[in-house]
Structures are given as structure tokens and as C-alpha cells.
Amino acid sequence: MAEEQQRSRFKRQKMTGEMDDRKNPYLAHMYDAESSHDSGVSISDGSTSAYTNGRHSNGGGLSSLKRHSTTAKQAKLAEDGPLNPFTGGQLSDRYFSILKTRRDLPVHAQRQEFLDMYQKSQVLVFVGETGSGKTTQIPQFVLFDDLPQQRGKMIACTQPRRVAAMSVAQRVAQEADVQLGEEVGYSIRFEDKTGPKTILKYMTDGMLLREAMNDHDLLRYSTIILDEAHERTLATDILMGLLKEVVQRRPDLKLIIMSATLDAQKFQKYFLSAPLLAVPGRTHPVEIFYTPEPERDYVEAALRTVLQIDATEPEGDILLFLTGEEEIEDACRKISLEADEMVREADAGPIKVYPLYGTLPPAQQQRIFDPAPPPFKPGGRPGRKCIVSTNIAETSLTIDGIVYVVDPGFSKQKVYNPRIRVESLLVSPISKASAQQRAGRAGRTRPGKCFRLYTEGAFKKELIDQSYPEILRSNLASTVLELKKLGIDDLVHFDLMDPPAPETLMRALEELNYLACLDDEGELTALGKLASDFPLDPALAVMLISSPEFYCSNEILSLTALLSVPQVFVRPASARKRADEMKDMFAHQDGDHLTMLNVYHAFRGPSAQENPKQWCHDHFLSYRALQQADNVRMQLKRIMEREEVELVSTPFEDKKYYENIRRALVAGFFMQVAKKDSSGKQYITVKDNQSVLLHPSTVLGQDSEWVVYNEFVLTSKNYIRTVTAVKPEWLLDIAPGYYDVDSFGKGDIKTSLQRVRDKVNRRAAIAGGR
DNA sequence: GAGCACTGC
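Since the structure is predicted, the reported quantities are computational estimates derived from the model, not experimental observations.

About the criteria used
- Residues numbered from 1 in each chain as written.
- Chains lettered and ligands numbered in written order.
- Predicted model: local features only at pLDDT ≥ 70, side-chain atom pairs only at ≥ 80, totals over all residues.
- Heavy atoms only, no water.
- Helix = DSSP H or I, 4+ residues; strand = E, 2+ residues; numbered from the N terminus.
- Rg over C-alpha atoms; globule rule 2.2 N^0.38 Å.
- Buried < 20%, exposed > 50% of the residue type's maximum accessible area, 1.4 Å probe, protein only.
- Near = heavy atom within 4 Å.
- Polar contact = N/O pair within 3.5 Å; in protein donor to acceptor, adjacent residues only side chain to side chain.
- Nonpolar A, V, L, I, M, F, W, Y, C, P; charged D, E, K, R; others polar.
- Pairing = 2+ DSSP bridges.
- Domains from an automatic or database assignment.
- Contact = heavy atoms within 4.5 Å.
- Buried area = accessible area lost by both parts, 1.4 Å probe.
- Salt bridge = Lys/Arg side-chain N within 4 Å of Asp/Glu carboxyl O.
- Axes fitted to C-alpha atoms, helices over the stretch in contact; angles between N-to-C directions.
- Parallel < 35°, antiparallel > 145°, perpendicular 65-115°, else oblique.
- Left-handed = near helix turned anticlockwise from the far one by under 90°.

**Student:** Explain the overall build of chain A to me, and be specific about the residues and the numbers.
**Tutor:** A tally of regular secondary structure across chain A gives 29 helices and 22 strands. Relative to the 2.2 N^0.38 estimate, which gives 27 Å for 770 residues, the radius of gyration of chain A is 29 Å and therefore close to what a compact globule would have. Across its three principal directions, the C-alpha atoms of chain A cover 95 × 75 × 55 Å. Across the 770 residues that make up chain A, the buried fraction comes to 54%.

In C-alpha cells form, the structure reads like this:
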């Protein structure tokens, strides 16, 4: 394929607009800072005692000092050693070599500017693009000025992802020349690597939110840094709302919002004109190409583009963004096949194609870091690798060596429809910010190219600037419960950056009221308080808390854990039949929940525990998911013990063993019930009257009139997945408030429930009359 | 007779 043809398909973008943002450093500062660092309370030369941990150092002559105003110069001096300013120990050679590279980072050039701003204002917004060093350096800059050890406090820096919190903490501990978990540590679910000496703590945003629920003013911290705020995770959004109030109650608390996009003005405005400091990133230029005409089939266009790049562009790896597992596996097969043909016909270089998505086993994910294949013969055309990935490569994983990015402009995104109370995944156009982030992936090691499979006009006019924050796309039942526990009573006036639709809030309140977590006045009930102690969706928490009443809390505990982790059943395309046969071995005729419980019990059994990994592989089960379930189970069990929720079981021989579990299911999921309709082919959901089908993966036969379901899946059809048969009289008995039959709209469900009610009443009358 | 982007407590 000629270079000429390649060019004709893509209009070369003039280097304006977006690319200018990339090339020109951002406005260095929009805040006119006066130097305020000359304030007398500085660290005496040569002394390091202001930095050593007050609770442990023995020469704490300066430990009574108030908040310091350190200058960049002073901090540098302290950093230069020879002793570690925080531990008093000898600094290692590695420390000094890392220190040199740290001082080359773009943020370092603006250290004084940062300190001036930090000292002057309680809240500040910091913008730093990829490669600026903000995540590792800013918290350390703060450390040298804040000196939290002198007041027995800590600096917190939040991350949206656990791996990031872990790896950044590891890196910063190295930079500070301390043991991870001592002065520098991290805290994520299931793992707290901090200790009494910890003064800088990286943590997930969810973790800090959990802490806030028991300590509304976050008194353990002197400075809180919310990193990657532009990602707008649910936890970050709530933390921002919360901290906006906390900084007013606590004048001694400092807050830094760190973001990677220029949208930072929005953060600035939200925090009442907080000053903003922007530092340029360090990336290579990326040339952007657009298609002149819209593409009808983006997958087909993507394949064509990848092959064209392979045939015509110089050495360099390719990253293609697609939306899901199946699409990706399919594309990988096709690219490999076509590329092989090109090798035969046109003497092309070798190409290796790797899929990348979240549910891929870690070992296979690691393969994307393998080097590109060598030429077929010495001096021949160089090989390249092509990675076909979901959005995971946009934020969570960075791959060096990518020179070409192919961006069809779509991703799967969660959407929530409050009218039918359904969360689902939908293939949707990405935002401008996402497109920019994707393009940037081509310029990490050297100048690159990004091929957008949409027109420049579409980019400008059709793509929204930023993706909608998660808070606008989610069911907020657990969020509302959390807010109540956080002491936010007036939800409507709680100042969120993007307030959710009133209907979404109403739905959440209604759901929590039916679950008896909120009373009719919207106040947190005892059950609601208890439920908020569990890191679970409210329905799951209520099911777990109610389970002792059904003599099966041990079993419901296992089931709750299983329902909070990814799917345990594995069904590879190459072995569907065998996988299904294996699943049948665990099947329980009354439904998928009980089947999952059978799996878990087998997994915990002696024969599986001999070699659990092998056993899972042999039985087409996900070892990772089951292990995770074990972990979650332990965590939940500890909370149950602490909160004195009894752990009991019905003897397995008892004929009520399974029935009790099914009844307990109803206690949490009575709002997720469907009844078979008159045709007998499909089901109708209770109250919402949605037509749904049993998901084909279910073990349940077609003869169950009433079922509870765990989730609603909206794909080619409306499916309910993970379903178990229940009896209608249990619904009336266990959730009488929700099953107030007279309040139901006319229809089959109402008639059936009336009939059941009458039958129950008649039986009661007879029993009473005897 | 199907398909789950991603993250988190």
C-alpha cells in the first residue's frame, strides 16, 4: 500500500487548537504570588531535627514549632543530606542518584512557586500533565513544609486505583530513602501498609471516604491531596463536597486538588476561586489525523488502519482502542491473519498482536510488555507489536514504545436510567478529553501519530469536552447511605460539583426507605447505620444483616462475598461445552445463587485446597475471583463479629437448609423480583413491569413462577442474571411494606399476589379457628 | 442460547 493512499485517507491536522495545548506549557500561574517564605521560623542550617519524626526523634528542640514556611532552598538543603531529614539516618547512594533525576522533573522548577501558594492559601488547584512528576513530588514538597510529624498528623494523597496507590508509595519511599510502611506508606482495601511513624500516606479515594465516615473532620490529616481529580470518580466527587465543608471547620487543614486537564478552572471555581498552579508535562508531540468521511463500521475501519500503518509506517508499536473482550479477541485474530498474508505477499516485517482487557489473567496482561519481535532475517524489516485494548490502556496501564494510536472514538460506559432503575453498559462516543488522553499514549517515548477514525468536524462538534462524572451515571443508593453516615442530612443542598438528577436521588431515597435503612423522614435507622458499616451495596448489606433471622448467616456471608467479586464461572470460547458440563456439576435446581454457594463450598473443601489453582482450572472457575471472594468474606466476617451480627447455620441435613437461604435472599432483594408472564416464555419485573428473559447462563429451569435476580443486563435483549426461585408468600411475609398488594397497578402480578394473600389469610383463619 | 469498559470500600 502506497504512502500516498495512506495519506489520502487521513486529513493532516493543522497544528492548532488541541495540539497547541500540548506543545506550549500552560500558563505558569494564574495566581500572582508574593513571596512569603521569609518568615523567620525557618530551619536552622545543618539541623535536621525539624524534619525527624517528633514522636520518635530524641533531639526534638524544634518540635514545638508551629507550621513552617519552608523555602525551596531550605528544603533542597535538607534534601542534600548528609543525613536523612526524616529519620536522621545516613542517606544511601541510591538516594542521591534518584535525587538527581527528581530535580530534572518539570515540577521541580516551580517548587518555590508552589510553596508560596501552598503557604498562602488553604485550598489550591494543581494542574500537571503526564510526566510532570506531580504524584510523586508534590506530596514530598508538602512534607518538607507541613512537617506533620510535629503535630502527630499525616499527609494523605488519594488515588482512584489501588495499584497506583501501592506503586507510587513504593517509589516515594525509595525516593525518601525510607522503608515502605514506615515514614511513607499506603492504605488500600485489604492492606494497610502504614505504621506509627507514617507521615505520608497514599491511599485509594474510597479508603479516605471510609475513614471520613467515622471521623467526619479527618483529624488525622494536616494536608489532604486529591490526585487525578479529573477522573471524577464517585469517591473523589463526594470527598470534594465533604472537604469543602471540612476546610471551613478546620482552618488548620490544607487541601490540594491535583488534576491532569486544563478543565481545572472548574475545580477552581468550585473551591471559591482557589489559586491554580499549572506545570507542563513532558511528552513528545503527536500528530493527529482524521478520516475525511465518517466511518460506517468502526471495527472494520480500525483493522484497515492498523494494517496500513504496518505496511507503510516506520518502526514503532501500535495501540488500537476497542470496546470489549469479544470485539478485541475477534480483531486480534483478523489482524494476525491478514498480517501473515502481507508477510507472504509484500515481504512485510513480523507483527505480534496482543489483546488487553481487565478480565484477562495477569500473566497474559503482562505479555503486552514483551519486546516487539525481531526482523525475520538480519537487516530485514523490523517487527512490531500491536496491542488491541479497552479503555484500560487509557488510564490504568501505560505502555512505553507506542508510536501509533488508532482511536475509533468509542468505549463502553456505564449509564443509569433512574426510571427503570437499571445500570447498564453501553457503547458510546468518547469525550474530547479521552481522545486527547488516547492520542497522548503515542508520545510517551518519542514523537508519534494518532489516527482518529472520525472527522475533524465530528471531533469538534459531536464529542463532549469531558466524560460525564460517575456520579451522574450511577445508582446512588449506596452513595446516599454513605452521605447520611457522613452526617450530611440535607442531600439536596449538599454542594456537589455536579449534582445528580433529582429523580436519581429520589430513587435512591425510596430504595433505602424500602430497605428500612432510612425512615419515612429520611433519617438513618439503626439498620441503616449498621448497613453503612459494610463495604457493600445496601441490598447486600441488608441481606447479610438479616440472615441470622433465617439461620443461615454463614452461608449468606459466603454468598455476599461471591456476589461482590467478578464472575466465578469461566467460559472460554474454545471450550464452551466442557465449561458448561463442569458448571452442571455444581448446579442446584433452585437457582444460580445456590449453585455459586455449592462452588464456594467445593472450593473450600479438602480436595480443592490441595491445589486450588489447578482445581479451579480443571473446573472452569476463576481462581482469582474465588480468592478475592475469600478475602471479602474475611473482611465482612470481621465486621459482623465486631458489630455482633450472629454467625449461624442451619444443619446441612435439615430440609430447610436451602429454603432458609432463599428466604434470606428475599430479605435483601425483594425489589428485584420477576414473575413469569402468562405466555410462560418471559418474565415481568415486579412494579416496573419490564419484560425480561432469564439469562441463558442460568441453571434454573423454565418452571419457576417467581424469581429473585441479582442483576439486570441490557444487551441484545433484556436479561436478568443470577436468578433463584422464590415463593410469593415469602415476599408478602418478608417485605410486607413493599408488597402492599393494594398499591400495585392492575395486572397479572397484582392478581397473583392477591390470590396468594387470600390463601395465606384463609389458612391463618382456619388455624385460628381451631 | 449469551458476551463484563473500568474502579473502589
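On we go.
**Student:** An account of the protein's contact with DNA strand B is needed here, citing residue identities and associated values.
**Tutor:** The full set close to DNA strand B counts 34 residues, and Arg-162, Arg-189, Gly-358, Arg-571 and Arg-721 are the nearest of them. Counting only the atoms of DNA strand B that lie within 4 Å of the protein, the sugar and phosphate share comes to 58%. Contacts to DNA strand B include Arg-189, whose backbone N or O atom sits 2.5 Å from a phosphate oxygen. A distance of 2.7 Å is found between a phosphate oxygen of DNA strand B and a backbone nitrogen or oxygen belonging to Glu-325. The element contributing the most residues to the surface near DNA strand B is helix H8 (residues 205-214), with three residues. Within the surface near DNA strand B, the residues separate by chemical class into 10 nonpolar, 10 polar and 14 charged.

**Student:** Describe the pairing of strand S11 (residues 317-321), with residues and values.
**Tutor:** Within S11, five of the five residues are buried, which leaves the element mostly enclosed by the surrounding structure. Every second residue of S11 is oriented toward a common face, with Asp-317, Leu-319 and Phe-321 on one face and Ile-318 and Leu-320 on the other, all of them buried. Examined bridge by bridge, S11 and strand S14 (residues 402-407) share four bridges and lie parallel to one another. Each bridged residue has a counterpart across the sheet, and for Leu-319 the counterpart in S14 is Val-405. Bridge count for S11 against strand S13 (residues 384-389) is four bridges, and the pairing is parallel. The residue bridging Leu-320 from the neighbouring strand is Val-388, located in S13.

**Student:** Which residues make up the pairing of strand S7 (residues 221-226), and what values do they have?
**Tutor:** Taking burial as the measure, the six residues of S7 include six buried ones, the bulk of the element. Across five bridges, strand S3 (residues 154-159) lies against S7 in parallel orientation. Bridging from a neighbouring strand, Thr-158 pairs with Leu-226 of S7. Where S7 and strand S8 (residues 254-259) come together, four bridges link them in parallel fashion. From the neighbouring strand, Ile-225 faces S8, where its bridge partner is Ile-256.

**Student:** Go over the environment of Pro-371, please, and point to the residues and values.
**Tutor:** Mapped onto the elements, Pro-371 comes out in the loop between helix H13 (362-366) and S13. Looking at Pro-371, the relative accessible area reads 68%, which means it is exposed. For the pair Pro-371 and Val-756, spaced 385 residues apart in the sequence, the C-alpha separation amounts to 66 Å.

**Student:** Residue-level account of the domain arrangement of chain A, with values.
**Tutor:** Split by domain assignment, chain A resolves into domain 1 (72-279), domain 2 (286-470), domain 3 (475-533) and domain 4 (538-670). Using only C-alpha atoms to locate each centre, domain 1 and domain 3 end up separated by 31 Å. Counting from both sides, the interface comprises 18 residues of domain 1 and, opposite them, 15 residues of domain 3. Surface buried jointly by domain 1 and domain 3 totals about 1500 Å² across both partners, of which 63% is contributed by carbon and sulfur atoms. Taken as a group, Met-213, Ile-238 and Tyr-270 account for 34% of the area that domain 1 buries against domain 3, more than any other trio of residues on that side. Applying the counting rule to domain 1 against domain 3 returns three salt bridges. Ionic pairing is found between Arg-232 and Asp-498, a salt bridge with its closest N-O pair at 2.8 Å. Linking domain 1 to domain 3 there are seven residue pairs in polar contact (both at pLDDT 80 or more). Contributions of two or more residues to the side of domain 1 that touches domain 3 are made by H8, helix H9 (234-249) and helix H10 (264-270). Taken together, the residues of the side of domain 1 that touches domain 3 sort by class into nine nonpolar, three polar and six charged.

**Student:** Go over the packing of H8 against H9 with me, naming the residues and quoting the values.
**Tutor:** As a packed pair, H8 and H9 sit with axes 9 Å apart at the nearest point and diverge in direction by 40°. By the angle between their axes, H8 is oblique relative to H9. Both H8 and H9 take part in a crossing whose hand is left-handed. Of H9, the residues touching H8 (which contributes Asp-205, Gly-206, Leu-208, Leu-209 and Ala-212) are Ala-235, Thr-236, Ile-238, Leu-239 and Leu-242.

**Student:** Requested: an account of the sheet that holds strand S21 (residues 706-714), with residues and values cited.
**Tutor:** With mixed pairing, the five strands of this closed barrel are ordered in space as S18-S19-S20-S22-S21. On average, each strand axis in the sheet is inclined to that of its neighbour by 50°, with strand direction left out of account. Here eight bridges tie S21 to strand S22 (residues 718-726), and the two strands are oriented antiparallel to one another. By the bridge assignment, Leu-714 is partnered in S22 with Asn-718. Each of S21 and S22 is contacted by helix H23 (residues 592-604), which is oriented at about 75° to S22, the strand it contacts most.

**Student:** Give a description of the pattern of salt bridges that names residues and reports values.
**Tutor:** Between side chains of opposite charge, pairing is possible as soon as their charged atoms come close. As enumerated under the stated definition, the model contains 46 salt bridges in all. Here Lys-134 ties to Glu-228 by a salt bridge, and the two come within 4.0 Å at their closest N and O atoms. Taken together, the positions of Lys-134 in helix H6 (residues 134-146) and Glu-228 in the loop between S7 and H9 put the pair 94 residues apart, joining distant regions of the chain. The exposure class of Lys-134 is buried, given its relative accessible area of 7%. Residue Glu-228 is classed as buried on the basis of its relative accessible area, which comes to 18%. For Glu-510, the salt bridge identified is with Arg-507, shortest N-O distance 3.1 Å. With Glu-510 and Arg-507 both in helix H18 (residues 502-514) and three residues apart, this pair spans about one turn of that helix.

**Student:** Now, about the packing of H23 against helix H27 (residues 657-669): what can you tell me, with residues and values included?
**Tutor:** Helices that pack against each other are described as a pair by the angle of their axes relative to one another and the distance between those axes. Following both chains from N to C, one finds H23 and H27 inclined at 120°, their axes separated by 11 Å at the closest point. When the interaxial angle is binned, H23 and H27 end up oblique. Where H23 crosses over H27, the handedness of that crossing is right-handed. Two secondary-structure elements touch here, H23 through His-593, Leu-594, Leu-597, Asn-598 and His-601 and H27 through Tyr-657, Tyr-658, Ile-661, Arg-662 and Leu-665. Counted by class, the contact of H23 with H27 contains six nonpolar, three polar and one charged residues.

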